[in-house]
Every structure is written in structure tokens, then in C-alpha cells.
Amino acid sequence: MVRLIFNTRALLSSIYSFSIIAAVISASFSTTAELCQQLEKTLGDFVVSTANDADYEALRTKNWVQTAWGTPTCIFHASAAEQLQEAVKLLVSANVSFAVRSGGHEPHHGFANIDNGVLIDMSNFTRLDYDAERSVAVVGAGLTWGDVYTQLQAQGVIAVGGRVLDVGVPGLILGSGLSWFTDLYGLACDNVVNMQVILADGSLVNANTKENADLFWALKGGGNNFGIVTEFTLTTYPLGQVWGGIKTYTEEQLPQLIDAYYEYQSAPDKDPYANLIMAVSPTNASIGALVSMVYLKPQEEPAAFAPFYSINTTSDSTAIKSFTDYLAEYAVPSVPRFDWHATSFKLDKSLYEEIGNIITSSPSVEEIKAVTAGLMAITLQPISSVSVEIGRARNGGNALGLEAVNQTWLATATGWWFPDDDHTVHDAGDAIIDQFVAASTNKGGHVPYLFMNDGSWDQDVIGSYGEENNKKLREVQRKYDPNLVFQHLVPGGFKLR
């Protein structure tokens, strides 16, 4: 076995015996502040940060945008699963609300931060062990995909993960996880072999196809409704250099790009090594439109992307390069407040043309232009029927309820500057999604599924998995969390409704 370790904080607090922590479990606390004081007294001030500590402000604002910031009563820096087990018991006993933050990439308030509760910061869970004989990597919940890719790339392998380097491992996988490898291997959640999970009673269990298989299934798309995952065992695959980059265009070229996107996606024998996303910003002419494309082999201008080659570009970074160099080119706009929405629809040329018209003519565009630093970007993400079938067949399937048809997962990203505009921008995002849904429904192409990693805070993501899967998810929830701790004491995230 090749062993790789990635540490950001020494596991100093593991010297405390579990019996000392357990001794305070029966204590009664009238306020969250008292509970935080007890955590600090028991474990030491290096594992608990409060507003009086120098690192508190940086930690509470660590999430990448202000919309996700919170004001937790304290921040708990767990460094070992055993610590976290006892902390969960204490939180539940005291009926104190909490949130769990790994990468913290969700832009929504309260999803990976909290006001007046305890924020559990997972950034110390940085284990990464690569087992070449088994072709798996054990990955800690505190790592980002940039951490994972960088270390595995040195071994000539890759795991199926995120498309943005600073996205955390847990949020992507528990939300299903669209990847540049999805046409080859399925979604990120489909490539998990085992999850180590802390349940609401503080117990630590494995979830896989042989142990707690129903929990394993539920976690693949079920978000934070069932427990805290501390580590994932992921299948790895060989990967050398790739061909890829970003081609940019003007907004006026959108009709040509829509046609090329349709032709690429409808190819009868689509090359699974080719993948792309297409984005357009109708609010910002300087951004225009872009296509980020990658071919997972070092082959110049592969035929799969031929529909785009005849369209003139304003810039083009495609070349043979490492996978991480390719990912580093994709940057999220720098604005302090952010939201996104999701919808899905089937492959249909006339529908795609109508989607293009909505993007450029929707009243939502002008509403967002009118706010300070207003930004809207619409991203089209092609999903093949093959990738859905892979997910159904691999490792016991997932909870997503996907239909095995070629489809597009559309994401609407909005950015702005001031809190006073929060409702205006969110409502504009809702409105343009309603237009997309109406268009796809009218043409018989609407897909109910909502991609969790792109969903807005008020979208019923898990409800979109279908009645049968929701019934099964509730059964799993009642079995592993009968008191609904992760439904009620963890207020953020997409919940079972």
C-alpha cells in the first residue's frame, strides 16, 4: 500500500481520554454558550473557538461568499472521529443546534454555517491513503477535490470528483456529484466503496454494500439528513494528461452554440471520454459565453467536439495538459453574495432553442442588471443515459431516481453585492427557472430531478427524487435517526419534507 497523509492541524486533542468527555454528557446546559464553555473546558481552547478568540472571525467567514457566513456561538475543531462522536452525544443531549462544514462551498445561509449554534469544522479530517493494490483511496471529509486530485495525480490515478478545485469532498458526494468522468464511471456518489458515518446516537458505523447497505444507498444523494460522514473510500482510475480548456464567445453567438451543443449531445455513439459544460452570462457582455471542454486522453481536437470547431472564438485555451491544470482555469466570479437554482429537461432541439431565447430575453436579466454588481450565468450540463445506467448498476445504486434518458441539468448562478438585494435576486432566479420549467413542460421534455449541488435553498431537491425513493429515504431516516436529530437540530441543508 502507498500511504499518503495530508495534515493541516496535528491531532493534539486526541490525548484526551474518551471517559473525560463522556463524563459531561449527562450535564444540563441552559444556553448554547454554556455548552461551548464545557467543550472548551474539557477539550482545551485549541479545539473550540468563540467570539473572544483571535481566529473566530476568520473561521466564521471561511465560507467562500458572505451569503454563507454565520455567527456560531462557538466553532468546534474536531480532529478525530472519537471526539466528534462524543460532541454529537453532548449536542443531542443538550438539544443544541449545529451545522457541519467541510469545504463550505454551498452559498446558502445556514447550510454550512450557523447562527447561535455550534459549527463543527471538519477541516482537520485530512487523511488520504491510496491503496494501489485495491485501486481505492480513503479520503478524509476535510479535504477539497484539489487536495485529492493533486495527491492522486502524483500516483497516475484519479477519483471521480468535483469540477472545481476548492469544492469539499463530502458536500459534492452527498449531493450526488457531477464530474468530468461521469460518462465513463457515473456520478461521484456512484464511485464510493465505503462511508464512515457518525449517527445521531454518537455511534460510528461503516456504510457500504455489505454493512448498513440501506444507509449507504440513502447517503448517495441524501445530503446531511442521516449523519456526519468522516471519511470516504473511493474507487480510483488511471489518468495521464488530458486535452482541454475553455473556448469563449460573444453572447450573439449563442444560437450557434446551442445548435453545436445539441449536435454534440445527440451523437448516436457519444465518446465517453469527452465532456463539456456551456455557460452564458446575459447580464455581462464582457463575459459572453464559454464552453469548458475536456477529453480524458492526450489527443488534440478530438472528433467528439467537432460541432464547435467551426464557430469563431474570442479566446481558446485548449491544449494537452494535466487534469489539475485544466481545472485551475475555471474560476467562479468574485462577488460577495451568491445564489443558484436548478432544473432539468430532456434532449430536444426546439426546446434547446427556446431555452436560448429565454436566456437572452427573460425579464429576470434586467432585474439582476439593475442591482449593484448584478450577475447571472446560465450553465448547461449534458447528462447521458449511459451515465444514469452506470449509477443504477454500481455499488447498490443511488437515491436520485434518475430517468435513463439524455438530458440537461441547467444551473442558474446569480451574484450581487448588498444584502438589501437578496430577495430581489433570489426572486429573479426563481422566475427564470419557472420560465425554463414552463417551456420544457409545454414540449413534454421536463425532467423533475433537481441536482442538489446546484439547487437553491428553497427548492425541494430531495422531493424531486420521486415518491418511492422518498418513502425509502424516510424509512432509512427512522431506522438510523429515530429522533430526527439531523432533520431538526441541523437546520441547514436540503431536508426530507
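Before reading further, recall that the structure is shown in the block above.
Owing to the predicted nature of the structure, the values given are computational and were not obtained by experimental measurement.

A few words on the overall build of the protein chain. Summing up its helical and strand segments, the protein chain has 17 helices and 20 strands in all. The C-alpha atoms of the protein chain give a radius of gyration of 22 Å, which matches the 23 Å a tight globule of 497 residues would have. For the C-alpha atoms alone, the extent of the protein chain along its principal axes is close to 70 × 55 × 45 Å. Burial status across the protein chain gives 61% buried among its 497 residues. Partitioning the intrachain contacts of the protein chain with sequence separation of at least 6 by distance along the chain shows that 75% fall at a separation of at least 24. Of the roughly 18,900 Å² that the protein chain leaves accessible, carbon and sulfur atoms contribute 51%. In the protein chain, the 30 positive side-chain charges and the 54 negative ones have mean positions that sit 6 Å from each other.

Okay, the environment of Leu375 next. Locating Leu375 in the fold gives a position in strand β18 (residues 375-383). You can call Leu375 buried: its relative accessible area is 6%. In the structure, Leu375 is positioned 29 residues away from Lys346 in sequence and 27 Å away in space, judged by C-alpha atoms.

Evaluated as defined, the whole model comprises 1 disulfide. Two residues, Cys36 and Cys74, share a disulfide whose sulfurs are 2.1 Å apart. One disulfide, between Cys36 and Cys74, carries an S-S torsion of -75° and so falls in the left-handed class. Of this pair, Cys36 sits in helix α2 (residues 32-43) while Cys74 sits in strand β3 (residues 74-76), and the two are 38 residues apart along the sequence.

In this structure, Glu301 is a non-glycine residue whose phi angle is positive, near 40°. You will see that Asn395, though not glycine, has its phi angle at about 55°, which is positive. Tracing the chain through its elements places Asn395 in the loop between α14 (385-393) and β19 (407-416). Look at Asn395 and you get partly exposed, because its relative accessible area is 24%.

With that out of the way, let us pick up the nonpolar core. In this structure, Phe76, Phe98, Trp145, Ile173, Met195, Phe232 and Phe323 are the most contacted members of the largest nonpolar core, which totals 101 residues. Among the elements that make up this core, the one with the highest residue count is helix α4 (residues 81-94) (6 residues). Leaving out residues up to four positions away in the same chain, Phe98 has contacts with Leu91, Ile114, Val118, Ile120, Ile228, Val485, Phe486, Leu489, Val490 and Pro491. In this structure, Trp243, Ile258, Met278 and Ile368 belong to the second largest nonpolar core, which totals 40 residues.

Over its 12 residues, helix α9 (residues 254-265) runs 16 Å from end to end, which matches the ideal 16 Å to within 8%, given 1.5 Å per residue. Residues of α9 that are buried: Leu254, Leu257, Ile258, Ala260, Tyr261, Tyr264 and Gln265. In an axial view of α9, the angular spread of the buried residues amounts to 165°, which keeps them on one side of the axis.

All chains considered together, the criterion is met by 16 salt bridges. As a salt-bridge pair, Arg60 and Glu57 come within 3.0 Å of each other at their nearest N and O atoms. Of this pair, Arg60 and Glu57 both sit in helix α3 (residues 56-60), 3 residues apart, roughly one helical turn. In this structure Glu57 comes out as partly exposed when scored by relative accessible area, which is 42%. Here Arg101 and Asp121 are joined by a salt bridge, their closest N and O atoms 3.8 Å apart. In this pair, Arg101 is assigned in strand β4 (residues 98-101) and Asp121 in strand β5 (residues 118-121), connecting sequence segments 20 residues apart.

Reading the values: the criteria
Residues numbered from 1 in each chain as written. Predicted model: local features only at pLDDT ≥ 70, side-chain atom pairs only at ≥ 80, totals over all residues. Heavy atoms only, no water. Helix = DSSP H or I, 4+ residues; strand = E, 2+ residues; numbered from the N terminus. Rg over C-alpha atoms; globule rule 2.2 N^0.38 Å. Buried < 20%, exposed > 50% of the residue type's maximum accessible area, 1.4 Å probe, protein only. Contact = heavy atoms within 4.5 Å. Areas by Shrake-Rupley, 256 points an atom, 1.4 Å probe, with all protein chains shown as cover. Lys, Arg positive; Asp, Glu negative; His and termini not counted. Charge placed at Lys NZ, Arg CZ, Asp CG, Glu CD. Disulfide = S-S within 2.5 Å. Core = buried A, V, L, I, M, F, W, Y, C linked by side-chain atoms within 4.5 Å. Expected span 1.5 Å × (residues − 1). Arc of directions from axis to C-beta. Salt bridge = Lys/Arg side-chain N within 4 Å of Asp/Glu carboxyl O.

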